[in-house]
Amino acid sequence: MAEYLASYFDSQWHWVAYALVGLVQAGLLLALILTGAAVFIWMERKIAGRIQDRLGPSRVGGRFGWLQSLADGIKLIAKEDIVPAAADGLLFRIAPYISFMAAFSVFLAIPLADGWVALRMNVAVFFILAVAGLEVLGVVLAGYASGSKWSLFGAMREAAQVVSYEVPLGLCVVVPVMVVGSMDLVEIGRAQSGWFWQWLIFHDPFTFITFWVFFTCALASVNRLPFDMPEAESELVAGFMTEYSGFRWSVFFMAEYTSMFAVSCLAAILFFGGWNGPIPLATMIGLTPDNGALTEWLGNLLGMMNLIAKGFFGVTVMIWTRWSLPRLRIDQVLTTCLKYCIPLAAAMFLGAMLWLYAFPGGVVSRFVQTSPVGGTPTPVAVVDGKGGV
Amino acid sequence: METAAINWHSFFFLLFALVACTFAVAMLLSSNIVRMAFYLVISLGAVSGLFFLAGADFVGALQLMIYVGGTVVVLIFGVMLTARAPFLRMRTGVAQWALAAIVGGCLLAVLLQAALSVDEWAPPSMVGENPPVSNTYTAAPLGLGVLGVRVDQLDEEDATLRNGMSGYLLPFEIVSIHLLVVLIGAAYLARTKRRPKEPTGDRQETVEPMISSGK
Amino acid sequence: MTIDLLTQPVGVSHYLVVGAVLFVSGAVAMATKRNAIGVLMGIELVLNGANLNFVAFGSSYLRGGSQGGVGLDGQLIAMFVIVLAAAEAAVALAIALNFYNNHATVDVDQGDELKG
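Each value, and the rule that gives it
Throughout, a residue's number is its position along its own chain's written sequence, starting from 1. Starting at A for chains and at 1 for ligands, labels are handed out in the order in which the entities are written. Thresholds applied to this predicted model are a pLDDT of at least 70 for local features of residues and 80 or more for the giving and counting of side-chain atom pairs; totals over whole chains, interfaces and linings are not thresholded and use all residues. Strands here mean DSSP runs of E at least two residues long; helices mean DSSP runs of H or I at least four residues long; both are numbered from the N terminus. We take the radius of gyration over the C-alpha atoms and set the globule estimate at 2.2 Å times the residue count to the 0.38 power. Residues are called buried when their C-beta atom has 20 or more other C-beta atoms within 10 Å, exposed when it has 12 or fewer, and partly exposed otherwise; all C-beta atoms are positioned from the backbone. Any pair of residues counts as being in contact when their C-beta atoms, constructed from backbone geometry, are within 7 Å of one another. Note on definitions: angles span 0 to 180 degrees between N-to-C directions of axes, and those axes are lines fitted to C-alpha atoms, for helices only across the stretch in contact. Should an angle fall under 35 degrees it is taken as roughly parallel, and over 145 as roughly antiparallel, whereas 65 to 115 is taken as roughly perpendicular and any remaining angle as oblique. Left-handed describes a crossing whose near helix is turned anticlockwise from the far helix by less than a right angle; the clockwise case is right-handed. Every helix has an expected span of 1.5 Å times one less than the residues it contains. Axes are fitted to the seven residues ending at a residue and to the seven starting at it; the angle between these axes is taken as the bend at that residue. Residues were grouped as follows: Ala, Val, Leu, Ile, Met, Phe, Trp, Tyr, Cys and Pro as nonpolar; Asp, Glu, Lys and Arg as charged; and all remaining residues, including Gly, as polar. Where a domain begins and ends is set by an automatic assignment or by a domain database.

Focus on the overall build of chain C
Here is step 1 of the chain: Assigned secondary structure in chain C consists of four helices and zero strands.
Here is step 2 of the chain: The N-to-C order of helical and strand elements in chain C reads α-α-α-α.
Here is step 3 of the chain: In terms of overall dimensions, chain C is more spread out than a globule: its C-alpha atoms have a radius of gyration of 19 Å, far above the 13 Å expected for 116 residues.
Here is step 4 of the chain: Viewed in the frame of its principal axes, chain C has a C-alpha envelope of about 55 × 30 × 25 Å.
Here is step 5 of the chain: Residue burial in chain C is summarised as follows: out of 116 residues, 58% are buried.

Rendered as structure tokens:
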């Protein structure tokens, strides 16, 4: 697209074309995320209402309150911009955007369909883990810069919680990476193509349990109930978000929903086949790359809708969990992490590794060949190019 | 009239380099400790971007995760545990600043002279319109290198150098033990020490509460 | 010269310049900051400047696609430096906290009990 647009300009103004196209692509991704956030906010209030035996929003935009999120957005933008007197001005203003930036950057590396990814890296999983851990910076800065005790306590608890849960999260994520042999999410998705028994969650009992540990750690990572302590309304006023109102608060809120969606999409790709459905519908009706570029595009479109549906389902389960379970205390949160999640994740990692060793055909044989008598392993040529090695 | 197109790699290099250097100097000149930590975060994030631009994907992601996501959080924790209002701003004397500036300036001059004078390090020339392409699939070779198998040096003639002598297995093991020692040591060093108990005086026996807390 | 910077590919020397600036600011920070945690931040900057140098030497992209540099060794060494720097930051912070517990301040100028 960029070259097409650039052909309309003189060669020294090519950069305008490239910049415009870059902005358009970034804008499309941003639009997807923000629309998702708006839908999730509505879904949360509706599901919360139904679980609590009431209706939820039902006035704005018809019987189901479709436009409630839009009304909320307009209200939040129109609110007065309050900055506390004791607050550090620059840090207070910039902290929500840091959180949002971290949550949004995760989508740089998540493939929506086979090959449809903004930035294809062969360290995609590692990148996502790294960037998801940056959200805590925005929170800590917000808590400190608010100049209020409640905010500081909430921020410290949040930082302790998120940083602690990064460890079992990383261990859980390593298990599907080990099974597939690559950190490239496109490769991991491709390895699960076919019927639903190809999904990594059904690969062996260890990956099955790993998914549940991953889900628990992901809930803690995005500060959802039952790990809600840092923003608990009944405990710390609103934790680190106490002094934020109006548009800045909505940016924090969007960051939270964005990271929920990102973590659900990541779980879908790692464990539930990503864009490959339970039944290989696209190949069954002939939407494969073999039949031409248009059918490949349509097949990928179907895959993308599949992945987004799985992400939505994940978010729905998170919302459902939030309104059904009680909140854990901060010491219970950290106990769960250190005494239950980490040993369980480490045991699953060990188990998955032994399973792969016992039933070979996996990663190691791609790189080294051991002779049957047990001689010294010799390195074989590394697969180059788009093999994602 | 320039007819050369913008090299986007160079543009982003310039952007990240300016951000990294500016915020490093801002960190140097600031006296508010939390602002210093914030500027350090941005500077290290820009350095991570520079790593990505040099083709070192894995090291860039490692920098983001460990430095920006870990070390700086630790620093901010340290700041919050030790920051009290009178100590938030500690100013150094002018004489010390002048001395440090002179020495720093000389060091910078020496380093710049060394950086710009070696021919081998000069920028490569463009081949036609296309910038050079390089292999950024570094994760697996790095991992295997750490295990002792150098798959990036397959054309090395010496068999011992190819198979393990130039691998990094020993440093990897040493670093693992080192990290364990550091973890235990740092936790021990920074533990809360019990203060000697002061006499509590008369402690009134509380009346039995009507509703038990059910702990 | 700025047009050259924008249109020509960058080489190893550009990275070395950035590394030098980071190193020197870190060194001056270590020398002038009175807050112990400020000194720690200076240390991190110094290590990052060195890391940039390592990665630049090991990058084949900056040499126009040809080998001849340090190769993957540069990235491996940078990896080890990052990990060890994180460990050292943890210990240094523990020392700073200990200092704070004993002196009720993090001002390193107050740590002069061995003086004279």
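Examining the overall build of chain A
Here is step 1 of the chain: Within chain A, the regular secondary structure consists of 13 helices and two strands.
Here is step 2 of the chain: Every one of the 389 residues in chain A was classed for burial, and the buried ones make up 44%.
Here is step 3 of the chain: Taking as baseline every contact in chain A between residues at least 6 positions apart, the subset at least 24 positions apart corresponds to 73%.

What to know about the packing of helix 7 (residues 149–180) of chain A against helix 9 (residues 205–221) of chain A
Angle between the axes and distance between the axes: these two values describe a pair of packed helices.
Residues and elements named next belong to chain A.
Here is step 1 of the chain: Look at helix 7 against helix 9: their axes get within 9 Å of each other, and the N-to-C directions meet at 150°. Compared by their axis directions, helix 7 and helix 9 come out roughly antiparallel. As helix 7 runs across helix 9, the sense of the crossing is left-handed. Residue-level inspection shows Gln 161, Val 162, Tyr 165, Pro 168, Leu 169, Cys 172, Val 175, Pro 176 and Val 179 of helix 7 in contact with helix 9, the latter providing Phe 206, Thr 207, Thr 210, Val 213, Phe 214, Cys 217, Ala 218, Ala 220 and Ser 221.

Here's the deal with helix 7 of chain A
What sets the pattern is the α-helix's 3.6 residues per turn: residues three or four places apart point alike.
Residues and elements named next belong to chain A.
Here is step 1 of the chain: Look at helix 7: 47 Å from first C-alpha to last across 32 residues, which is about the 46 Å you get at 1.5 Å a residue.
Here is step 2 of the chain: Of all the bends in helix 7, the largest measures some 30° and sits at Glu 166, one to four residues before the proline Pro 168.
Here is step 3 of the chain: With 25 of 32 residues buried, helix 7 is to be regarded as a mostly interior element.
Here is step 4 of the chain: Just downstream of helix 7, Gly 181 is the residue with a positive phi angle, here 95°.

As for the packing of helix 7 (residues 169–189) of chain B against helix 4 (residues 72–103) of chain C
Here is step 1 of the chain: Across the interface, helix 7 of chain B lies against helix 4 of chain C with an axial gap of 9 Å and an inter-helix angle of 15°. In this view, helix 7 of chain B runs roughly parallel relative to helix 4 of chain C, as classed from their interaxial angle. Regarding helix 7 of chain B and helix 4 of chain C, the two cross each other, and that crossing is left-handed. Facing helix 7 of chain B, whose interface residues are Pro171(B), Val175(B), His178(B), Leu179(B), Val182(B), Gly185(B), Ala186(B) and Leu189(B), helix 4 of chain C presents Phe80(C), Val83(C), Leu84(C), Ala87(C), Ala90(C), Val91(C), Ala94(C), Ile95(C) and Asn98(C).

Remarks on the interface of chain B and chain C
Here is step 1 of the chain: At the junction of the two partners, chain B supplies 80 residues and chain C supplies 71 residues.
Here is step 2 of the chain: Elements that contribute at least two residues to the side of chain B that touches chain C include exactly helix 1 (8–29), helix 2 (33–53), helix 3 (57–82), helix 4 (94–117), helix 5 (139–147) and helix 7 of chain B.
Here is step 3 of the chain: Ranked by the residues each element gives to the side of chain B that touches chain C, the list is headed by helix 3 of chain B, at 14 residues.
Here is step 4 of the chain: Residues belonging to the side of chain B that touches chain C are distributed by class as follows: 60 nonpolar, 17 polar and three charged.

Topic: the domain arrangement of chain A
All names here are of chain A.
Here is step 1 of the chain: Here chain A is described as being made up of domain 1 (1–78) and domain 2 (87–360).
Here is step 2 of the chain: With centres defined by C-alpha atoms, the gap from domain 1 to domain 2 works out at 20 Å.
Here is step 3 of the chain: Each side of the interface is counted separately: domain 1 has 15 residues, and domain 2 has 17 residues.
Here is step 4 of the chain: Within the residue set of the side of domain 1 that touches domain 2, elements represented by two or more residues are helix 2 (14–51) and helix 3 (68–77).

A word on unusual backbone geometry
Here is step 1 of the chain: With a phi angle near 65°, Asp53(A) is a residue other than glycine that sits in the positive phi range.
Here is step 2 of the chain: Inspection of the secondary structure puts Asp53(A) in the loop between helix 2 and helix 3.
Here is step 3 of the chain: Phi angles above zero are rare outside glycine, and Ala104(C) is one such case at about 60°.
Here is step 4 of the chain: Mapped onto the elements, Ala104(C) comes out in the segment after helix 4.
Here is step 5 of the chain: Given 12 C-beta atoms within a 10 Å radius, Ala104(C) is considered exposed.

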